[in-house]
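Each chain, letter by letter, is given below.
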Amino acid sequence: MEYSKLGSSGLDVSRVCLGTMTWGTQNNQQDANEQIEYALAQGVNFIDTAEMYAIPPTAKTYGTTETIIGNWIAANPARRSEFILTSKIAGNGLAYIRSGGDITGEAVIASVEGSLRRLQTDYIDLYQLHWPNRTSPHFAKHHPGMLCFTEVDARTHSNQMLEILQALDACVKAGKIRHFGLSDDTPWGINEYIRLSEQHDLVRVTSVQNEFNLLHTKDWPYLIENCVHADVAYLPWSPLAAGALTGKYLDGARPPGTRWSKMQRNGLFRDTALSNEAVKAYIEVATRYGLSPVQLALAWCNQVNGVTSTIIGATSMAQLREDIGAFSLTLDEELLADIDAVHRQFPVPF
């Protein structure tokens with residue numbers, strides 16, 4: 001296993017981050033225990049979760065994933081130091097979480113306490129804002145005309161961000177969290193948090209996690225360049241495009257028990273005719289080089305310059321083994337050129 005610096009934190013994290021959002025819906029406690037044990041044995045020292053999980057998010061499953069992880073930690077207290085644990089405070093829009101309200105300083109304090117209880121730990125290594133209070137260009141809202149930035153009151157949001165930073169800083173000083181990060185955010189969001197932290201001598205943003213995969217590369221190059229030069233770790237989530245890049249959903253297939261067979265909060269926005277054709281083209285490339293589509297997609301993501309650690313997720317041990325194994329592969333220049341040719345043909349398929 002290879003490791004990278006987690007932004008300015010000084011922490012070394014594995015190039016693979018174990019995502020956990022299916023634990024509590026598609027996976028039970030026993031499954032999670034097995035996944036944690038296997039990942040740690042392979043050198044993975046980075047585990048990502050959120051108060052909102054399991055996915056799809058519902059009032060009934062809220063906090064379930066953290067509880068499952070907490071049960072493992074309680075059964076293995078001496079092993080807590082073996083991994084970097086992250087969690088996230090949910091943003092606005094979910095009626096059963098703080099009545100759907102914005103992230104505030106008060107909400108941060110309460111959410112950290114709730115996560116610590118469920119995780120049965122004294123500290124969270126990296127605490128993240130799941131999505132910003134303003135609407136950001138994620139979940140297929142990245143096309144021109146879908147957002148109106150000129151109608152956003154930047155000063156109001158900056159004031160909110162300062163309040164959030166002050167609460168996060170208090171949590172760091174209390175030893176409840178060690179670092180903080182962003183998710184589903186933009187260069188402006190990253191840089192405004194950095195500006196505020198420098199101006200007010202508060203905790204500095206360590207990382208950002210956004211969707212990034214062969215079907216969705218909008219963060220290259222501008223946001224990733226920003227991360228590299230600002231010393232902010234870039235953590236891709238959904239490197240398989242919610243499973244699309246495996247090929248299992250081609251031509252409308254919905255295998256029973258899979259994620260796309262279940263109701264999705266944001267809909268199946270990745271399921272477009274162009275995405276379908278792009279996945280077929282990537283599968284042809286993978287087959288030509290004797291790789292599985294999963295190996296191709298994950299190894300490619302891992303080799304993108306500026307990526308710190310890629311968040312994977314698996315519902316079976318066979319999937320987990322294949323996922324982690326992909327990070328030991330090195331794609332040569334000829335293969336990367338063939339991947340690039342497909343990407344140029346389908347640069348924005350959803």
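Structural notes, computed from the coordinates. (Residues numbered from 1 in each chain as written. Predicted model: local features only at pLDDT ≥ 70, side-chain atom pairs only at ≥ 80, totals over all residues. Heavy atoms only, no water.)

### Structural notes on helix α6 (residues 222-230)
Here is step 1 of the chain: Among all positions of α6, only Leu223, Ile224, Asn226, Cys227 and Ala230 are buried. The arc that holds the buried residues of α6, viewed along the axis, is 155°, so those residues lie on one side. Of the exposed residues in α6, the ones pointing more than 90 degrees away from its buried face are Tyr222 and His229.
Here is step 2 of the chain: Residues of α6 that are buried sit in contact with α5 (187-200), β8 (205-211) and β9 (233-237).
Here is step 3 of the chain: Positive phi appears at aspartate 231, one or two residues downstream of α6, with a value of about 60°. (Buried < 20%, exposed > 50% of the residue type's maximum accessible area, 1.4 Å probe, protein only. Helix = DSSP H or I, 4+ residues; strand = E, 2+ residues; numbered from the N terminus. Arc of directions from axis to C-beta. Contact = heavy atoms within 4.5 Å.)

### Notes on the pairing of strand β5 (residues 84-89)
Here is step 1 of the chain: Of all 6 residues in β5, 6 are buried; the element is thus mostly enclosed.
Here is step 2 of the chain: Of the two faces of β5, the one carrying Ile84, Thr86 and Lys88 and the one carrying Leu85, Ser87 and Ile89 are both buried.
Here is step 3 of the chain: Note on the crossover from strand β4 (residues 46-48) through helix α2 (residues 64-75) to β5: the handedness is right-handed.
Here is step 4 of the chain: Relative to strand β6 (residues 124-129), β5 is paired through 4 bridges, and the arrangement is parallel. Residue serine 87 lies in a different strand from β6, and its bridge partner there is tyrosine 127.
Here is step 5 of the chain: Between the parallel pair β5 and β6, the chain is carried across by helix α3 (residues 105-119), and the sense of this crossover is right-handed. (Right-handed = clockwise from strand over helix to strand, strands pointing away. Pairing = 2+ DSSP bridges.)

### A short note on the layout of surface pockets
Over the atoms rolls a probe the size of a water molecule, and in doing so it shows where empty space is left.
Here is step 1 of the chain: Counted as a void, the second largest pocket has a volume near 310 Å³.
Here is step 2 of the chain: Together, Phe212, Leu214, Thr217, Trp220, Trp300, Gln303, Val304, Asn305, Leu336, Ile339, Asp340 and His343 line the second largest pocket.
Here is step 3 of the chain: The set of elements that each furnish at least two residues to the lining of the second largest pocket consists of α8 (293-303) and α10 (333-345).
Here is step 4 of the chain: Here the lining of the second largest pocket takes 4 residues from α10, the largest share from any one element.
Here is step 5 of the chain: Considered class by class, the residues forming the lining of the second largest pocket number 7 nonpolar, 4 polar and 1 charged. (1 Å grid on protein atoms, 1.4 Å probe; cavity = no way out; pocket = protein on both sides within 12 Å on 5 of 7 lines; lining within 4 Å. Points joined across faces, edges and corners; volume = space filled by probe spheres on them. Nonpolar A, V, L, I, M, F, W, Y, C, P; charged D, E, K, R; others polar.)

### Comments concerning helix α9 (residues 317-326)
Here is step 1 of the chain: Among all positions of α9, only Met317, Leu320, Asp323, Ile324 and Ala326 are buried.
Here is step 2 of the chain: The elements touched by buried residues of α9 are β3 (16-19), α1 (29-41), α8 and β10 (310-312).

### Focus: the environment of threonine 315
Here is step 1 of the chain: Along the chain, the position of threonine 315 falls in the loop between β10 and α9.
Here is step 2 of the chain: On the basis of relative accessibility, which here comes to 31%, the residue threonine 315 falls in the partly exposed class.
Here is step 3 of the chain: Distance in space between the C-alpha atoms of threonine 315 and glutamate 277 is 25 Å, their sequence separation being 38 residues.
Here is step 4 of the chain: With residues up to four places along the chain from it excluded, the contact list for threonine 315 reads Thr22, Gln26, Asn27 and Gln35.

### Section: empty space enclosed by the protein
Here is step 1 of the chain: The full count for this structure, using the stated rule, is 2 cavities of 30 Å³ or more.
Here is step 2 of the chain: Of the pockets and cavities examined, the largest cavity occupies roughly 100 Å³.
Here is step 3 of the chain: For the lining of the largest cavity, the secondary-structure elements that each account for two or more residues are α4 (154-173) and β7 (177-183).
Here is step 4 of the chain: Considering every element that reaches the lining of the largest cavity, the biggest residue donor is α4, with 4 residues.
Here is step 5 of the chain: For the lining of the largest cavity, a count of residues per class yields 8 nonpolar, 4 polar and 2 charged.
Here is step 6 of the chain: In terms of lining, the second largest cavity is formed by Ala244, Tyr249, Leu250, Trp260, Arg270, Asp271, Thr272, Ser275, Asn276 and Val279.
Here is step 7 of the chain: Here the residues of the lining of the second largest cavity are counted per class, giving 5 nonpolar, 3 polar and 2 charged.

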